Amino acid sequence: MAYQALYRKYRPKDFSDVKGQDAIVTTLKNQLSSGRIGHAYLFCGTRGTGKTTVAKILAKAMNCEHLTENGPCGECPRCRSIEDGSSMNVVEIDGASNNGVADVRQIVDEVNYAPIDGGRKVYIIDEVHMLTENAFNALLKTLEEPPEYLSFILATTDPQKVIATIQSRCQRYDFKRIPVETITARLRELLDKEGVVAEDRALNYIARVADGALRDALSLLEECISFYFKEELTFDKVLDVVGSVDQTIYHTMTQALIDGEVDRVIETVDELVATGRELTQFAKEYVWYLRNLMIIKAAKNVEQLVDLSDENINILRGYAEKLEEEQIVRYIHVMSRLVADMRHTSNRRVEFEIALIRLCRPQMERDYDSLVDRMKGMERDLELLKDKLEAGVYQTTAPVQPGVPGEAMQAAPLQPVPVKQIRPEAIPDEVKEIAGQWKHVEQAIMASGKGHLLAMLRDVVLSVDDSGNLVLGIKYPMNIKYFKDSKEHLEMLTDIIGEVTGKHVNIVIKDLSNARDRLAVTDLREIIKNVNIEVEE
């Protein structure tokens, strides 16, 4: 038998196999069981959500001689003839290629002939919005007064183009995007039948990229299986095929944009190019990432609005606290324009880098959103200055001498921040090793796909206490809470450190949210660098 694509091979045969459209399926089943079958249906929704599939099942059920709870029996002569395409009762028409008045008039002439073997005559017109206005008008009279044995099922991805007089004569059903978890479960079910081994994380990523379209997910899955034939389908392999990236890169990019660090932004682009990622795909997905960030900023109950893990939602909440809604909207506008421009440019990387630099440097632009972004940057600078003033780093004016109006006395010397001195020879060997290889630890965290963990270690200070424990000084309250609320997060980090360095140490979290406390701690990496302590690579 000739090879069939997965989306054709596993196309649902009855309503029990339809995924993610429970409300529509229940309504249609109730109509069939009660005999209240409509004469015209309008199925609307994005590609791959099941419109044509449900239309075929409904048409078959209207003609089935032994209707079951889940629709057509699939065994009676009528079901078999519809399945093999020999039935005259069910006619499928492509509205894109048969969109003229002559095509519709031919249909109108044919509907006057009753079904030969009983049953019901059903016309399925796919992409019905492609019909011309005259063609719609030619169909209008038949839809208004159809014979009792006739039903039309019209399917479209663009219902706005279907004229109002047609829509008003149809029962309209809007097919929603299929949830990620539903698509993932379906992919797992089909792979078990195909005997293909795949990681749950890989299937979940395919489901997210499909953006609610099960057919797209099956096509992408088939591409991945073909590329890695007879191999286990891992998350990294899916990334290679899709040319996409993990959430970690999005987190890194967003933090760099917030901080205005052009160097880190360009390094991220360089990393994307070096690993063979498609920049256009990244830009598209980053727009969706920013959309999720905007929803988290603007809405309260976001769990039902964004398809992200709780950990990623918490990371985005942290970013949302640092950004105004206007800033996020500006990011989305710039990246959306970039996606459109990249279709017509000969050097996508240059366009990509220019757009990101514009996000880092709002002073390059003169629109309202950029002005808001610049003001937010000034507020961040003022907050940093305030931290330094609180820590006693700056004294901007000399105090006035009491009893001598208007005459300033010499500024009193500032009290220095007491810095705890750490002697290099007092640092345990295992702590030196970890501090010296911290970059490798960060790379291992990223490679393991635990981007949320890496994001929580941003601006971490490495130190050591009197008991020889590795101290992680953390600046941000949300990040401190992340480690202190769950021992699993600390254990996860300990395991990765052990894998990279071969060393095991106890880790202590230190709160450095106070500016003066931060100035009192010297990072072990600086000590190691300054005294040229050798560490194993």
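Here, every reference points to the structure presented above.
Residues numbered from 1 in each chain as written. Predicted model: local features only at pLDDT ≥ 70, side-chain atom pairs only at ≥ 80, totals over all residues. Heavy atoms only, no water.

A. Geometry of the packing of helix H20 (residues 438-447) against helix H23 (residues 487-501). H23 packs onto H20 with a crossing angle of 120° between their chain directions and a minimal axis gap of 9 Å. Taken together, the axis directions place H20 and H23 in an arrangement best described as oblique. Read as a crossing pair, H20 and H23 show a hand that is right-handed. Mapping the contact onto sequence places Trp438, His440, Val441, Ala444 and Ile445 in H20 and Leu493, Ile496, Ile497 and Val500 in H23. A breakdown of the residues in the contact of H20 with H23 according to their chemical character gives 8 nonpolar, 1 polar and no charged. (Axes fitted to C-alpha atoms, helices over the stretch in contact; angles between N-to-C directions. Helix = DSSP H or I, 4+ residues; strand = E, 2+ residues; numbered from the N terminus. Parallel < 35°, antiparallel > 145°, perpendicular 65-115°, else oblique. Left-handed = near helix turned anticlockwise from the far one by under 90°. Contact = heavy atoms within 4.5 Å. Nonpolar A, V, L, I, M, F, W, Y, C, P; charged D, E, K, R; others polar.)

B. Focus on the sheet that holds strand E3 (residues 121-126). Strands sit in the order E2-E3-E4-E1-E5 across an open sheet of 5 strands; the sheet is parallel. Looking at strand neighbours, the two that pair on one side only are strand E2 (90-94) and strand E5 (171-175), the edges of this open sheet. The mean angle between the axes of side-by-side strands here comes to 15°, regardless of whether they run parallel or antiparallel. Running over the sheet, helix H3 (residues 51-63) touches strand E1 (40-45), E2, E3, strand E4 (150-156) and E5 and is turned about 160° from E1. The strands that helix H6 (residues 133-144) touches are E1, E3 and E4; relative to E4, the one it contacts most, it runs at about 135°. (Pairing = 2+ DSSP bridges.)

C. View of the sheet that holds strand E6 (residues 461-464). Spatial strand order, E6-E7-E8: 3 strands in an open sheet with mixed pairing. What marks the edges here is a single partner per strand, and that holds for E6 and strand E8 (507-511). Neighbouring strand axes in the sheet, compared pairwise and without regard to direction, differ in orientation by 35° on average. Both E6 and strand E7 (residues 470-474) contribute to a ladder of 4 bridges, which runs antiparallel. Considered in E7, the bridge of Val461 is made with Gly473. Each of E7 and E8 is contacted by H23, which is oriented at about 125° to E8, the strand it contacts most.

D. Up close: the packing of aromatic side chains. Scanning all chains against the criterion turns up 14 aromatic pairs. Aromatic pair Tyr286 and Tyr289: ring centres 5.6 Å apart, planes at 15°, arrangement stacked. Residue Tyr286 and its partner Tyr289 are both found in helix H14 (residues 279-298); the two are separated by 3 residues, about one turn of the helix. Accessibility classification places Tyr286 together with Tyr289 in one group, the buried group. Here the aromatic residues Tyr250, Phe282, Tyr286, Tyr289 and Phe352 are joined through ring pairs into a cluster of three or more. The residue whose ring lies beneath Arg291 is Trp288, and the NZ or CZ to ring-centre distance is 4.6 Å. (Phe/Tyr/Trp six-rings, centres within 6.5 Å; stacked < 30°, edge-to-face > 60°. Buried < 20%, exposed > 50% of the residue type's maximum accessible area, 1.4 Å probe, protein only. Lys NZ or Arg CZ within 6 Å of the ring centre and 35° of its normal.)

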